[in-house]
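Here are the chains, one letter per residue:
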Amino acid sequence: TQAVSGSAGNLVTFTVNPGDAVTVNSPVTLNSRSYIDIDHFTFTGSSAAIVGNGTTSHNIIDHNTFLGVIGFRINDGQGSNGSDNVISNNTLTYTSITTNATGFYVYGDRNRFENNTISGGGGDCWDVGGTQVVIRGNSCHDMNGTTSGEHIDFVDVIGGGTVPTLTFSLIENNVTYNNTNQSHALIV
């Protein structure tokens, strides 16, 4: 089957029928895909649930449950700039605090993270970089960096090169509580 992208106003939507529970046990790859909506699934596994690359853009990741996996990952670095994605209303729960995985690890411009909840792990809540990133109304709690050998940052700025890695961005109305070995709310 040929993977396709949607278009503005005509998203390709993957959702669960009302009343059904669907669990996905392997990563969903959105490399070079745009205008895709993924909602109401439960993701499990041992790595990132949804992964993208530098041309992953305009996707919606909404109302999903992530159990023991990174919710959404777009690597940082030269040429990696997944942009204009909306990651909202998701719940990410780690069942083992020995895991130092980050909740969401995304490098790119104009990505928006709203009303997500992360708990139970041993890594940072968000590792992000880019321009005009919005992180608003999220919660990160009950993380424990002492067993994973990490310190817990609510937002850890990622990226490479010589330019600033998080610029012209908005981080507001977020809550972090009951985290052990938390070093800072924001690391730049």
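Here, every reference points to the structure presented above.
The model shown is predicted, which means the values in this text are computed figures rather than measured ones.

Caption draft 1: A look at the layout of surface pockets. Here the largest pocket is characterised by a volume of approximately 230 Å³. Taken together, 14 residues form the lining of the largest pocket, with F14, V28, T29, L30 and I36 sitting closest to its centre. Secondary structure elements with two or more residues in the lining of the largest pocket: β1 (12-15), β3 (28-29) and β4 (36-39). When its residues are assigned to classes, the lining of the largest pocket shows 11 nonpolar, two polar and one charged.

Caption draft 2: Just the pattern of salt bridges, in detail. Counted according to the given criterion, the structure contains four salt bridges. Between R136 and E172 there is a salt bridge; the shortest N-O distance is 3.5 Å. In this pair, R136 sits in strand β16 (residues 134-136) while E172 sits in strand β20 (residues 170-172), placing the two residues 36 residues apart along the sequence. Its relative accessible area of 26% is what places R136 among the partly exposed residues. Taken together, the salt bridges that share partners define one network made up of R112, E114, R136 and E172.

Caption draft 3: Focus on the packing of aromatic side chains. With the rule as written, the count across this model stands at seven aromatic pairs. Each ring, one from F43 and one from F66, has its centre 5.3 Å from the other, and the planes form 20°; the classification is stacked. On the criterion of sequence distance, the pair formed by F43 in strand β5 (residues 42-43) and F66 in strand β8 (residues 65-67) is long-range, its members being 23 residues apart. On the accessibility criterion, F66 (0% relative accessible area) is buried. Ring geometry for F113 versus W126: centroids 6.3 Å apart, planes at 80°, classification edge-to-face. Placement of the pair is F113 in strand β13 (residues 112-114) and W126 in strand β15 (residues 126-131), with a sequence separation of 13 residues. Across the pair, W126 and F113 agree in class, each one buried. Each member of the aromatic cluster is reached from another via a ring pair, and the members are F41, F43, F66, F104, F113, W126 and F154.

Caption draft 4: Representation of the state of the cysteines in the model. Scanning the entire structure with this criterion turns up one disulfide. Across the disulfide from C125 sits C140; the S-S distance is 1.8 Å. The sign of the -75° torsion about the S-S bond sets the C125-C140 disulfide as left-handed. In this pair, C125 sits in the loop between β14 (117-119) and β15 while C140 sits in strand β17 (residues 139-141), placing the two residues 15 residues apart along the sequence.

Caption draft 5: Representation of unusual backbone geometry within the structure. Positive phi values are uncommon outside glycine, yet Y35 reaches one of about 55°. Inspection of the secondary structure puts Y35 in the loop between β3 and β4. Not every positive phi belongs to a glycine, and N173 is a case in point at roughly 55°. Here N173 shows up in the loop between β20 and β21 (175-177).

Parameters and conventions
Residues numbered from 1 in each chain as written. Predicted model: local features only at pLDDT ≥ 70, side-chain atom pairs only at ≥ 80, totals over all residues. Heavy atoms only, no water. 1 Å grid on protein atoms, 1.4 Å probe; cavity = no way out; pocket = protein on both sides within 12 Å on 5 of 7 lines; lining within 4 Å. Points joined across faces, edges and corners; volume = space filled by probe spheres on them. Helix = DSSP H or I, 4+ residues; strand = E, 2+ residues; numbered from the N terminus. Nonpolar A, V, L, I, M, F, W, Y, C, P; charged D, E, K, R; others polar. Salt bridge = Lys/Arg side-chain N within 4 Å of Asp/Glu carboxyl O. Buried < 20%, exposed > 50% of the residue type's maximum accessible area, 1.4 Å probe, protein only. Phe/Tyr/Trp six-rings, centres within 6.5 Å; stacked < 30°, edge-to-face > 60°. Disulfide = S-S within 2.5 Å.

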